[in-house]
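Secondary and tertiary structure notes
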Amino acid sequence: MAGSYTLTMIKPDAVAKNNIGPILGMINEAGFKIKAMKYTQLTKSQAQEFYAVHKERPFYGELVDFMTSGPIVAAILEKSNAVEDFRKLIGATNPADAAEGTIRKRFAESIQNNAVHGSDSDENAKIEGDFHFSMCERF
Ligand code: CMP
């Protein structure tokens, strides 16, 4: 059964361009409820751990540098079928391939600086939610 939660990060590129508000607006309008949220900056070791699944990829080092280059907003979002519905809302990883009306089509700069993260499975949504938030930070 599809789960009710996903984890997002509004990435440093979108934060630097003052797009936190418009992105949260699109998330709310799509029916997601905010269960947990924080404004923070990842350390190098946190970014390496979060993206450990990509550590053999050629872009891993640059991805870690980018994700630590400025503050992010992390949030657990709640909705039925959250992972799949959120991935539809954000669009393809590469904004050149993202559908009209998606967050990445509107706000992403490149395949790396792609404005937002969204968990790719219920299992990873739980791992990523636990990475950013303790139980007492969830409402
Ligand atoms: P995200 O959905 O957070 O998951 C992994 C991230 O790696 C992805 O968004 C991009 O920021 C980045 N990424 C994925 N593919 C590439 C690529 N080919 N080149 C550079 N960065 C990438």
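Computed from a predicted structure; not experimentally measured.

Counting across every chain of the model gives 3 aromatic pairs. Pairing Phe 32 with Phe 86 gives two aromatic rings, centres 5.4 Å apart and planes at 80°, and the pair type is edge-to-face. Of this pair, Phe 32 sits in the loop between α2 (20–29) and β2 (33–40) while Phe 86 sits in helix α5 (residues 82–90), placing them 54 residues apart in sequence. In this pair, the class of Phe 32 matches that of Phe 86, namely buried. Taken together, a centroid distance of 5.0 Å and an interplanar angle of 75° make the contact between Phe 50 and Tyr 51 edge-to-face. Counting every residue linked through ring pairs, the aromatic cluster contains Phe 50, Tyr 51 and Phe 131. In this structure, Lys 79 is placed above the aromatic ring of Phe 32, and the distance from its NZ or CZ to the ring centre is 5.6 Å.

Our focus in this paragraph is the layout of surface pockets. What the largest pocket holds in volume is close to 680 Å³. Considering the residues around the largest pocket, the lining is formed by 23 residues, among which Tyr 51, Val 53, His 54, Leu 63 and His 117 are closest to the centre. Looking at the lining of the largest pocket, the elements that each hand over two or more residues are α3 (44–50), β4 (116–118) and α7 (122–132). Per-element accounting of the lining of the largest pocket gives the leading share, 4 residues, to α7. Looking at side-chain class alone, the lining of the largest pocket contains 8 nonpolar, 8 polar and 7 charged residues. Empty space within the second largest pocket amounts to approximately 190 Å³. Lining the second largest pocket are Gly 3, Ser 4, Tyr 5, Lys 35, Ile 76, Asp 122, Ala 125, Lys 126, Gly 129, Asp 130 and Arg 138. In terms of residues, the lining of the second largest pocket owes the most to one element, α7, which gives 5 residues. Tallied by class, the residues present in the lining of the second largest pocket amount to 3 nonpolar, 3 polar and 5 charged.

What counts and what doesn't
- Residues numbered from 1 in each chain as written.
- Predicted model: local features only at pLDDT ≥ 70, side-chain atom pairs only at ≥ 80, totals over all residues.
- Heavy atoms only, no water.
- Phe/Tyr/Trp six-rings, centres within 6.5 Å; stacked < 30°, edge-to-face > 60°.
- Helix = DSSP H or I, 4+ residues; strand = E, 2+ residues; numbered from the N terminus.
- Buried < 20%, exposed > 50% of the residue type's maximum accessible area, 1.4 Å probe, protein only.
- Lys NZ or Arg CZ within 6 Å of the ring centre and 35° of its normal.
- 1 Å grid on protein atoms, 1.4 Å probe; cavity = no way out; pocket = protein on both sides within 12 Å on 5 of 7 lines; lining within 4 Å.
- Points joined across faces, edges and corners; volume = space filled by probe spheres on them.
- Nonpolar A, V, L, I, M, F, W, Y, C, P; charged D, E, K, R; others polar.

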